[in-house]
Amino acid sequence: MLRKRVVVCLDVKDGRVVKGTQFVELRDVGDPVALAMRYEAEGADEIVFLDISASADDRATLFDLAQRTAERLFIPLTLGGGIRRVEDVGLALRAGADKVALNSAAVRRPEVLTECAARYGAQCVVASIDARRNATGWEVVVKGGREATGLDAVAWARECEARGAGEILLTSIDRDGARTGYDLELTSTIAAAVRIPIVASGGAGNASHVNDALTMGGADAALVAGILHDRLTTVSEIKDAMAQAGIPVRRVA
Amino acid sequence: MRVTILDYGVGNLHSLSKAIAAAGAEPVIVDDASAATRAEVLVLPGVGAFAPAAARFVAAREPLRDAILAGLPTLGICLGMQLMFDASDEGSGAGLGVFAGRVTRLTSEAVPQIGWNALDDPTEPLLAESGLREVYYANSFACRAVDPAIVGAWSEHEGDRFAAVVRRQRSLGVQFHPEKSSTQGVAFIRAFLQEAAA
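Worth saying up front: this structure is predicted, and the values here are computed from it rather than measured.

## Details of the overall build of chain A
Part 1 of the reasoning: Scanning chain A from terminus to terminus reveals ten helices and twelve strands.
Part 2 of the reasoning: In terms of principal-axis extent, the alpha carbons of chain A reach across some 45 × 45 × 40 Å.
Part 3 of the reasoning: Burial status across chain A gives 59% buried among its 253 residues.
Part 4 of the reasoning: Across chain A, contacts joining residues at least 24 apart in sequence account for 65% of those joining residues at least 6 apart.
Part 5 of the reasoning: Of the roughly 9500 Å² of accessible surface on chain A, a fraction of 48% belongs to carbon and sulfur atoms.
Part 6 of the reasoning: Charge separation in chain A, taken as the distance between the mean sites of 31 positive and 35 negative side-chain charges, equals 1 Å.

Written out as structure tokens, the structure is:
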């Protein structure tokens, strides 16, 4: 039986890990390779590097960072941020990434999901969806929430699945950095709409929020970042709480 | 120790090379299957699809099979394990036939299986030696061994119980990715290499 996963996200900019609230007010929190290794040792099931600068120059920096990380990290690594073309996905995988997250590139041209899945397999294609509440449900937004797309998040999640995404990284822009808990309604609505795994993101403030995302939210994995970087909790504390709640979890000795 | 990784021409062998290096050996990537028959230790990696990979070693299929059956220690990972069986529903071409059986699609609704899963009923000694109990999978297909006695551990995904580890002499096939299964996964590779060197 598959374990529910704790995915640790490192927002990177110019080769450093940064953290901000709602993609602004960035603070430097450390070296990506060292942090990734620390989280693996604590029991993280996967690492995500999200490049929040996302210019073409920074993409080369991101691939270089992935290569240096993959030399020492022995759990799956996902790269996201500024990856637009099938060729970028190939470069990311060759640099040592196991999966690639596509966000605004997929919104702009959904065919890119199919092209990547056909070439490299659905298991490495992650559709990254940023969603914001509106009067009727949730709208897909891009550029860290600065730009609305008019797409309904549920319909878009279904389309991503149909086009070949192997997984959905679902971020609540309303909750991002707020530490008040994941948007469980959003997560459970999307989880019920598709068959592929959902990684819940945005809003983790403590271990019990993670439990809620994995049970009531119906997510297969929960993404955590800031609360770990600020040492408010650890991956092992989160996993202890999961085990106590009866959630299938991978334990490290 | 030099460990030969056979490249089917599809991709990322970076992580696997680094895991072999971390386990204390020297990885060498070759794309010529006949050169692989002269390897000290052989690794068949786990990226790509069955048909193009099988086509890649079609000319060297018999010598490669003979070398493995004559005692060349071989570790097949994911697709590499599947290539050690007879044939696959994923695509045309003959596997090496080191293990009797066919590769079929997972029967679960959620395919591919992506994530960490448990190793059930482990009897393979290298698992206990390395402390490996939970492993990382990214697979849509699984190997159905004719003889269940060759299976050294199982995993279960939504009701489909499939072979996680198979063994014949000093050759192993693993459906999971030891190079992505953290410290214990690297320890498993090290244990395999130590047995191969003995």
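## Here we look at the sheet that holds strand β1 (residues 2–6) of chain B
What holds strands together in a sheet is hydrogen bonding between their backbones, with the strands either parallel or antiparallel.
All names here are of chain B.
Part 1 of the reasoning: The mixed open sheet is built from seven strands, whose spatial order is β2-β1-β3-β4-β12-β11-β10. Single-partner strands in this sheet number two, and they are β2 (26–30) and β10 (151–157). The average angle at which neighbouring strand axes cross in this sheet is 20 degrees, direction not considered.
Part 2 of the reasoning: Sheet topology note: the strand β11 (residues 160–168)/strand β12 (residues 171–174) ladder contains four bridges and is antiparallel. Residue pairing across strands places Val 166 opposite Gly 173, the latter belonging to β12.

## A short note on the pattern of salt bridges
One side chain can pair with another of opposite charge once the charged atoms of both are near each other.
All names here are of chain A.
Part 1 of the reasoning: Under the criterion given, the structure shown has 30 salt bridges over all chains.
Part 2 of the reasoning: Here Asp 64 makes a salt bridge to Arg 68, at a shortest N to O gap of 3.4 Å. Here the residue Asp 64 and the residue Arg 68 both occupy positions in helix α2 (residues 56–70), the gap between them amounting to four residues, near one helical turn.
Part 3 of the reasoning: Among the residues examined, Asp 64 registers a relative accessible area of 42% and is labelled partly exposed.
Part 4 of the reasoning: With a closest N to O distance of 3.0 Å, Asp 183 and Arg 133 form a salt bridge. Residue Asp 183 is found in the loop between β10 (167–172) and α7 (184–193), and its partner Arg 133 is found in strand β7 (residues 125–133); the two are separated by 50 residues along the sequence.
Part 5 of the reasoning: Take Asp 183: its relative accessible area is 3%, and that puts it in the buried class.
Part 6 of the reasoning: A relative accessible area of 37% means that Arg 133 is categorised as partly exposed.
Part 7 of the reasoning: Taken together, the shared-partner salt bridges connect Arg 5, Glu 46, Lys 99 and Glu 167 into one network.

## Details of the nonpolar core
Part 1 of the reasoning: In terms of nonpolar packing, the biggest core is built from 79 residues, with Ile 47, Phe 49, Leu 79 and Val 224 of chain A touching the most fellow members.
Part 2 of the reasoning: Apart from the residues within four sequence positions on either side, Ile 47 of chain A is in contact with Val 8, Leu 10, Ala 36, Tyr 39, Leu 73, Ile 75, Pro 76, Leu 77 and Thr 78 of chain A.
Part 3 of the reasoning: If you look at the next biggest cluster of nonpolar residues, it comprises 36 residues, including Cys 78, Val 165, Val 186 and Ala 191 of chain B.

Rules behind the numbers
Residues numbered from 1 in each chain as written. Chains lettered and ligands numbered in written order. Predicted model: local features only at pLDDT ≥ 70, side-chain atom pairs only at ≥ 80, totals over all residues. Heavy atoms only, no water. Helix = DSSP H or I, 4+ residues; strand = E, 2+ residues; numbered from the N terminus. Buried < 20%, exposed > 50% of the residue type's maximum accessible area, 1.4 Å probe, protein only. Contact = heavy atoms within 4.5 Å. Areas by Shrake-Rupley, 256 points an atom, 1.4 Å probe, with all protein chains shown as cover. Lys, Arg positive; Asp, Glu negative; His and termini not counted. Charge placed at Lys NZ, Arg CZ, Asp CG, Glu CD. Pairing = 2+ DSSP bridges. Axes fitted to C-alpha atoms, helices over the stretch in contact; angles between N-to-C directions. Salt bridge = Lys/Arg side-chain N within 4 Å of Asp/Glu carboxyl O. Core = buried A, V, L, I, M, F, W, Y, C linked by side-chain atoms within 4.5 Å.

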